[in-house]
Amino acid sequence: MQDRQSPVRAAIDVGSNTIHIVVARCKPDDLDIVEDKVELVRIGESVNASGEISPEKRDAAIAVLRRYKELAQQHGAEQILVVATEAIRKASNSAEFLEDVQRETGLRVQLINGDVEAILTFYGATYEQRKEPGAPAQLSVMDLGGGSTELVMAQDTHILWRTSIPIGSGWLHDRYLSSNPPSPDDLATAQTFLRTYLQVMRIKQHPASLIVTGGSANSLLLLAQQAFRLDRSSNRLTYEALVQCEGLLSALPAEEISHRYEQPLARARILPAGALIIREVMSRLNLREITVSPHGIREGVLLAYERYGEKWLECVNQEASASNQAKGSTIKNAAVQKDARDETFAQSGQRMLEERVEKLLGWRDDVLKHEEIEAVHKMRVATRRLRATLDAFESCCKPGQFKKIYSQVKDMADLLGAARDTDVMLQGLHEKYEQVPAEELAGAQWLIDRLDIYRQQKQQELENFFATLDEDALKQEVETCIRKGALRNGQS
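Since this is a predicted model, take the numbers as computed values, not measurements.

**Side note on the overall build of the protein**
1) Next: Looking only at helices and strands, the protein features 20 helices and 11 strands.
2) Next: Relative to a compact globule of 492 residues, whose C-alpha radius of gyration would be 23 Å, the protein shows 25 Å and is just as compact.
3) Next: Expressed as lengths along the three principal axes of its C-alpha atoms, the size of the protein is roughly 85 × 55 × 50 Å.
4) Next: Counting all 492 residues of the protein, 52% fall into the buried class.
5) Next: The contacts in the protein between residues at least 6 apart in sequence include a share of 72% that link residues at least 24 apart.
6) Next: Just so you have it, the protein exposes about 22,400 Å², and 47% of that area is on carbon and sulfur atoms.

Written out as structure tokens, the structure reads:
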């Protein structure tokens, strides 16, 4: 039964992927949601590409916010609370964007940091569980957004540990998985990056269960239910079902996923990235299933306002600060605790970069001998791992040096890739040559001869590249790439 005496308020989350509104009748510990809408605008796409919010994304966002304001007013909302997260935090023109929104819509957008985002998401994602009889004392939440991911662990609503990392489904898609569907090589590179980043997170206590919120999690649950006929009433997603979803997403283009399984096309494009992030976090936390929640930061904003009133954001900031002081460290350092035996995030980056450049260059002589085709493949894999490690520790690196190393390694990877692809084609042709009909032998031999010539050209290009590559200089660049005094958890 609806409580029509409770005030109606609206909360809007301007995220990297979506702009999402919830309108609800509000109590300090409960919400009666009367409207819940989301639109994929992908502001983060332009930020990832150019570092700023493009005019097109700005106009699209403002158009959505106008509609949402009208929707909230139709429901009689007394307040419309708007927050913005990672993509807006990162954009070089964020201040201009926020001013444009206020001028053109009358809405004031609060730009919140990752720590506040984590707290608000936790309270929003867990309020239903916490009001149930026999609710577990320990609750953990992961919010997978377009530009960042928040992790929170709490005992009896007291937050024990939390972190915000600048990796989201939109960011990972734009950085690694732009092909449609993603290629096996791209997926392997993205996975290497995620594992590199996550393995240096010092998580002292693994949760027994995890609530996951965000558009990707909810879309994957729906996909699993539709594609594999899972229970529609369940909000559980197992590791096995997630792997099945990944197989589907890597086999079919986004257009087919969208058509078959009622997914918005823009969401279908970034869903492989979301699935990969969730699976890697589950592996890192040793979890076999997750609970998916449709609630998150918006509900958290409404609950915070009910508790604290107009100073809700100030109070949540104070809550974050108090928690930090109680732990004797910053929230971000909670992810990478240091003791006498542990490395800092930057130290891990230094070690891993040096190890991976050594392994990469160790294949040089075998590649130049051109006696074993697997040497090219292994060196190509080594370039992938070095690039993924650079990506993982980019925030600790000197920008100019990072770009120089990254460019060199990418050029090397492109040359190795062309040689490797030709090797695979030649190997396949040679294996099938004996089964080719007699009348087609001349054509098959012609193709083999042309590929042999092309492969020789690629080998010469590799030889020229390595002749001009100063290996000692590259090693030195890698060894000094990490900034002195870089933040211990690698966040900027």
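Next, the rest of the story.
**Here we look at the pairing of strand E7 (residues 149-155)**
1) Next: Of all seven residues in E7, six are buried; the element is thus mostly enclosed.
2) Next: By the bridge criterion, seven bridges tie strand E6 (residues 138-144) to E7 in an arrangement that is antiparallel. Considered in E7, the bridge of Gln138 is made with Gln155.
3) Next: Hairpin connection of E6 to E7: four residues between the antiparallel strands.
4) Next: Across seven bridges, E7 lies against strand E8 (residues 158-165) in antiparallel orientation. Of the residues in E8, the one forming a bridge with Thr149 is Ile165.
5) Next: Between E7 and E8, which follow one another and run antiparallel, lie two residues, and Asp156 among them has a positive phi close to 55 degrees.

**Considering the sheet that holds strand E2 (residues 18-27)**
1) Next: The sheet built from five strands is open, its strands ordered E3-E2-E1-E4-E5 with mixed pairing. The sheet is open, and its two edges are formed by strand E3 (30-40) and strand E5 (109-111), each paired on a single side. Neighbour-to-neighbour, the strand axes of this sheet turn through a mean angle of 20 degrees, independent of strand direction.
2) Next: Sheet topology places strand E1 (residues 8-14) next to E2; seven bridges connect them, and they run antiparallel. Note on E2: the bridge partner recorded for Arg9 is Ala24.

**With respect to the packing of helix H9 (residues 239-251) against helix H11 (residues 265-284)**
1) Next: Where H9 contacts H11, the axes come no closer than 10 Å and their chain directions differ by 150 degrees. If you check the angle between H9 and H11, you find them roughly antiparallel. In the packing of H9 onto H11, the handedness of the crossing is left-handed. Residues Tyr239, Leu242, Val243, Glu246 and Leu249 of H9 touch H11, and the partners they reach there are Leu271, Pro272, Ala275, Leu276, Ile278, Arg279, Met282 and Ser283.
2) Next: Of the residues contributing to the contact of H9 with H11, the split by class is 10 nonpolar, one polar and two charged.

**Quick look at the state of the cysteines**
1) Next: As enumerated under the stated definition, the model contains zero disulfides in all.
2) Next: Cysteine Cys396 shares no disulfide, and the gap to the nearest cysteine sulfur, in Cys397, comes to 6.5 Å.
3) Next: No disulfide involves Cys481; its nearest neighbouring cysteine sulfur is the one of Cys397, lying 3.5 Å away.

**Some details on the packing of helix H8 (residues 215-227) against H11**
1) Next: As a packed pair, H8 and H11 sit with axes 9 Å apart at the nearest point and diverge in direction by 100 degrees. Here H8 lies roughly perpendicular to H11, going by the angle between them. Contacts between H8 and H11 involve Gly215, Ser216, Ala217, Ser219, Leu220 and Leu223 from the first element and Arg267, Leu271, Gly274, Ala275 and Ile278 from the second.
2) Next: Each residue belonging to the contact of H8 with H11 can be placed in one class, and the counts come to six nonpolar, four polar and one charged.

**Let's talk about the sheet that holds E8**
1) Next: Strand order in the open sheet formed by six strands is E8-E7-E6-E9-E11-E10, with mixed pairing between adjacent strands. Strands at the two margins of the open sheet, each flanked by one partner only, are E8 and strand E10 (236-238). When strand polarity is set aside, the average angle formed by the axes of neighbouring strands in this sheet is 25 degrees.
2) Next: With three bridges joining them, E10 and strand E11 (residues 289-293) adopt antiparallel strand pairing. Looking across to E11, one finds that Arg236 is bridged to Thr291.
3) Next: Along the sheet face, helix H5 (residues 114-130) touches E6, E7, E8, strand E9 (211-213) and E11 and points at about 125 degrees away from the line of E6.

**As for the packing of aromatic side chains**
1) Next: Applying the stated rule across the entire model yields seven aromatic pairs.
2) Next: Arranged with centres 6.4 Å apart and planes meeting at 75 degrees, the rings of Trp171 and Tyr176 form a pair that is edge-to-face.
3) Next: Taken together, the aromatic side chains of Trp171, Tyr176, Phe193 and Tyr197 make up a single cluster linked through ring pairs.
4) Next: Seen from the ring of Tyr239, Arg288 lies directly overhead, with NZ or CZ sitting 4.5 Å from the centre.

**Remarks on the environment of Trp171**
1) Next: Of note, Trp171 is situated in helix H6 (residues 169-176).
2) Next: Taking relative accessible area as the criterion, Trp171 reaches 10% and is therefore assigned buried.
3) Next: Once the C-alpha coordinates of Trp171 and Val200 are considered, the two residues, 29 residues apart in sequence, prove to be 20 Å apart.
4) Next: In contact with Trp171, not counting residues within four places along its chain, are Asn48, Lys90, Gly146, Pro166, Tyr176 and Phe193.

What counts and how
- Residues numbered from 1 in each chain as written.
- Predicted model: local features only at pLDDT ≥ 70, side-chain atom pairs only at ≥ 80, totals over all residues.
- Heavy atoms only, no water.
- Helix = DSSP H or I, 4+ residues; strand = E, 2+ residues; numbered from the N terminus.
- Rg over C-alpha atoms; globule rule 2.2 N^0.38 Å.
- Buried < 20%, exposed > 50% of the residue type's maximum accessible area, 1.4 Å probe, protein only.
- Contact = heavy atoms within 4.5 Å.
- Areas by Shrake-Rupley, 256 points an atom, 1.4 Å probe, with all protein chains shown as cover.
- Pairing = 2+ DSSP bridges.
- Axes fitted to C-alpha atoms, helices over the stretch in contact; angles between N-to-C directions.
- Parallel < 35°, antiparallel > 145°, perpendicular 65-115°, else oblique.
- Left-handed = near helix turned anticlockwise from the far one by under 90°.
- Nonpolar A, V, L, I, M, F, W, Y, C, P; charged D, E, K, R; others polar.
- Disulfide = S-S within 2.5 Å.
- Phe/Tyr/Trp six-rings, centres within 6.5 Å; stacked < 30°, edge-to-face > 60°.
- Lys NZ or Arg CZ within 6 Å of the ring centre and 35° of its normal.

Honestly, it's all geometry; don't read function into it.
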